[in-house]
Amino acid sequence: MVRWILVAVLTIGIAGTAFWGYQEHQEKNAVLIQAENTYQRSFHELSYNIDLLHDKIGTTLAMNSKQRLSPQMVDIWRITSDALSNVGQLPLGLLPFNKTEEFLSDIGDFTYRTAVRDLDSNPLSDKEKQSFEDLYKQSGKIKDELRQVQHITLKNNLRWMDVQLALANQDEQTDNTIIDGLKTVEKTVEGYSETNVDSGLMGTSTKDHQFKHLQGDKISESEALKKAKSLFNVKDNNNITVTKSGDGSDIPTYSVSYRNGDENAYMDMAEQGGHPLTLLVDRPVQDKQISLNDGQDKAKAYLDKLDFENMTIFQSDEFDNIGVYSFLYNQDGVRVHSDAIEVKVALDNGDILGLTARNYFMNHTDRDIPKPEISKEEAEDMVNPDVKIQEDFLAVIDNDLGEEVLAYEFLGTLGNETYRIFINAMDGKEEKVEKLGGTEINFAGNF
Amino acid sequence: MTYVRVPMIYIMICFMFLALYASISPKPVNAFSSQVIQQGAVGDDVIELQARLQYVGYYNGKIDGVFGWGTYWALRNFQYEFGQEIDGIAGQTTKQKLIKASKYDEKHVKSQINQGKKFTHYGGDNNNKQTTPAKQENTGGDEGAATANTSVNVPEGYSQNDIQLMANAVYGEARGEPYVGQVAVAAVILNRVKSPTFPNNVSGVIFEPRAFTAVADGQIWLTPNDTAKQAVLDAINGWDPTGSAEYYFNPDTATSAWIWSRPQIKKIGKHIFCK
């Protein structure tokens with residue numbers, strides 16, 4: 001009797017386990033299929049996007065009227081952005097596919113710039129037309145390659161999950177058609193990037209450029225150490241290390257780190273001249289003792305001590321007993337927005353917790369700022385009449401094309417919102433309109 | 001007998017509290033602290049400033065304890081009308097003028113904020129008429145905490161949720177790293193957002209398949225600590241200790257040969273950062 005009960009119980013147990021296992025298996029498959037489908041969708045959409053892109057560029061070549069050209073450019077710009085977002089969805093993290101992405105991004109930049117331009121007064125140049133024809137050919141090639149990969153994927157029922165596994169395992173032997181196909185696409189684009197260099201196509205997407213304002217002689221490692229010690233206010237050589245940057249760095253730098261108890265400090269110093277590029281001190285910050293305003297004085301004094309001249313406060317913010325200040329270079333009353341330095345001050349005792357001057361050293365030069373050609377009143381007329389102008393400045397900003405322009409900066413209100421509006425001081429063009437926020441409902445009650 | 005004693009105890013307790021209250025806070029003549037208040041500040045002084053500006057009719061926004069643009073313009077208009085230097089900073093003279101021109105019912109304002117009520121503080125109107133009942137979801141939670149601001153400062157263009165998401169990623173990826181290493185990981189995420197070869201928003205970069213191991217193995221859903229959050233804020237505010245790196249890896253655990261081919265910039269903690 002007991003034996004039979006035992007057998008029955010075990011049988012039910014086994015059957016139950018089997019059933020449970022089967023269900024788990026089903027669920028796992030469902031999840032896998034879901035993920036696979038997301039990849040598939042992105043990939044097929046990408047192929048479609050590129051096809052459409054090629055098509056649109058082709059139509060543009062035949063267009064003559066300027067009224068049609070601008071919307072068409074906007075359309076192409078939108079498609080490149082779609083395509084880029086689809087590339088981002090694919091599990092290509094370990095596969096070098098960035099040339100293709102750059103190519104797409106460059107087309108996007110180029111068409112955007114053309115779309116926002118007044119084509120009546122400034123029509124497409126021959127060079128630009130030529131580069132557009134090149135684009136047409138290149139996008140055609142890419143389209144063909146991608147369609148080829150797509151065809152094989154569909155014919156052989158290839159799965160992106162396998163791609164992911166193959167990439168993760170770095171298995172050389174795996175004959176993975178998708179990977180190979182995409183590598184071919186990448187190669188194709190790589191071949192083009194050189195020919196595009198001087199066609200006005202490349203290079204506006206990235207704002208990083210050479211550091212313009214690093215003066216002084218190169219310093220040695222021991223000099224860097226000495227300088228860092230005075231900046232950190234440290235006497236001894238213990239707990240402090242210096243390392244030189246590798247060859248991937250934009251400019252050669254020394255990284256100095258310092259550790260003492262629960263205080264950590266870190267600094268990047270340019271080899272050229274020993275200028276501090278970024279500095280960060282980490283320590284627990286106690287309750288607030290000094291005001292944001294007092295902190296600003298400390299920050300300003302620190303900049304003066306480091307010989308950053310003519311810096312004026314641009315923004316101040318308080319986060320968790322830390323004051324963060326942004327300063328702009330001020331040349332004869334004109335605020336230069338790209339020459340920015342940020343300083344962090346602990347509001348418990350006024351210590352400097354951080355400095356970043358990368359933007360300053362990258363952009364700052366001796367500028368020859370022209371006199372504005374239109375008056376402030378004329379510029380005000382260019383602003384939306386519903387906006388009530390409250391404050392104005394003269395400023396040098398980077399416009400959409402990445403060029404520095406002199407502009408009137410107006411701060412105005414419309415309803416409860418505040419806007420910052422830049423009007424070009426030479427031709428009255430509305431360069432930029434920003435809605436200013438900076439505060440948000442405290443979702444957590446206590447952030 | 002008992003129903004006589006109970007009110008007695010109540011009265012005694014009330015007296016004790018009154019005595020305590022009087023001894024801790026003698027009625028301040030100048031309610032503001034001596035600090036100069038400027039844009040970006042948070043806290044009690046800002047609540048008072050907003051309440052007083054609203055009392056005299058210059059500030060129409062929410063009394064939330066964060067000195068934002070609305071408060072800035074209200075203060076400037078006040079300074080203009082009262083013939084003072086218009087700088088949008090509440091210094092001693094401005095505060096004196098404001099105290100003279102307005103009344104501030106601190107207890108009322110703070111209790112309204114603590115109860116999460118929608119309210120205003122205009123002069124001439126009974127305070128009780130200017131409130132609406134609290135929303136249900138705002139009650140509960142930590143009672144007795146100091147007056148929490150109902151708003152917070154966030155860097156331009158970012159929501160607290162973006163910061164939280166990034167803090168999750170940073171914590172999942174680099175919680176064992178030194179502080180700079182955490183700022184560096186956050187900076188890499190932001191450098192990718194700026195780069196043309198990656199998605200152009202924070203969540204796109206973080207959830208890009210196979211980009212971060214912490215996302216792949218679920219460590220991103222650990223609860224981040226304040227250090228990670230602080231590191232993210234620093235990165236958003238412009239600190240980039242990596243020197244514009246877009247990749248990093250841990251040389252001890254990296255499985256991909258490709259990552260070694262990237263030009264390396266530097267090593268922070270256990271991670272090597274590359275272009």
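Predicted model only: the values in this text are computed from it and were never measured. (Residues numbered from 1 in each chain as written. Chains lettered and ligands numbered in written order. Predicted model: local features only at pLDDT ≥ 70, side-chain atom pairs only at ≥ 80, totals over all residues.)

Some words on the interface of chain A and chain B
A common measure of how large an interface is: the accessible area buried when the components associate.
Phase 1 of the analysis: Between chain A and chain B, the residue contacts involve 61 residues of the former and 60 residues of the latter.
Phase 2 of the analysis: For the side of chain A that touches chain B, the class distribution of residues is 14 nonpolar, 35 polar and 12 charged. (Contact = placed C-beta atoms within 7 Å. Nonpolar A, V, L, I, M, F, W, Y, C, P; charged D, E, K, R; others polar.)

Points about the confidence of the model for chain A
Phase 1 of the analysis: Residues with a pLDDT of 70 or more make up 89% of chain A, whose mean pLDDT is 81.
Phase 2 of the analysis: Counting contacts from residues 197-207 of chain A, a segment whose pLDDT is below 50, to residues more than four positions away or on other chains yields 23 contacts. (pLDDT = per-residue confidence, 0-100.)

Quick look at the domain arrangement of chain B
Phase 1 of the analysis: As far as domains go, chain B holds domain 1 (31-138) and domain 2 (160-274).
Phase 2 of the analysis: Relative to domain 2 of chain B, the C-alpha centre of domain 1 of chain B lies at a distance of 40 Å. (Domains from an automatic or database assignment.)

As for the pairing of strand 2 (residues 253-260) of chain A
Residue and element names in this part refer to chain A.
Phase 1 of the analysis: Most of strand 2 is tucked away: 6 of the 8 residues are buried.
Phase 2 of the analysis: Across 5 bridges, strand 1 (residues 240-244) lies against strand 2 in antiparallel orientation. Of the residues in strand 2, the one forming a bridge with threonine 243 is serine 255.
Phase 3 of the analysis: Where strand 2 lies against strand 3 (residues 263-270), 8 bridges are found, and the strand directions are antiparallel. The residue of strand 3 that forms the bridge with tyrosine 258 is alanine 265.
Phase 4 of the analysis: Taking the residues that link successive antiparallel strands as the turn, the strand 2-strand 3 hairpin has 2 residues, and the phi of glycine 261 there is positive, at about 60 degrees. (Buried ≥ 20, exposed ≤ 12 C-beta atoms within 10 Å, placed from the backbone. Helix = DSSP H or I, 4+ residues; strand = E, 2+ residues; numbered from the N terminus. Pairing = 2+ DSSP bridges.)

Notes on the nonpolar core
Phase 1 of the analysis: One finds Ile341 of chain A together with Val170, Val183, Ala186 and Val232 of chain B to be the most contacted residues of the largest nonpolar core, which totals 120 residues.
Phase 2 of the analysis: When residues of this core are assigned to their parent elements, the largest contribution, 9 residues, is made by helix 7 (residues 179-194) of chain B.
Phase 3 of the analysis: Apart from residues no more than four positions distant in its own chain, alanine 186 of chain B is found in contact with Met166, Val170, Ala231, Val232 and Ala235 of chain B.
Phase 4 of the analysis: Core analysis: the next-biggest nonpolar cluster, separate from the first, contains 29 residues, Ala83, Phe110, Trp160 and Val189 of chain A among them. (Core = buried A, V, L, I, M, F, W, Y, C linked by C-beta atoms within 7 Å.)

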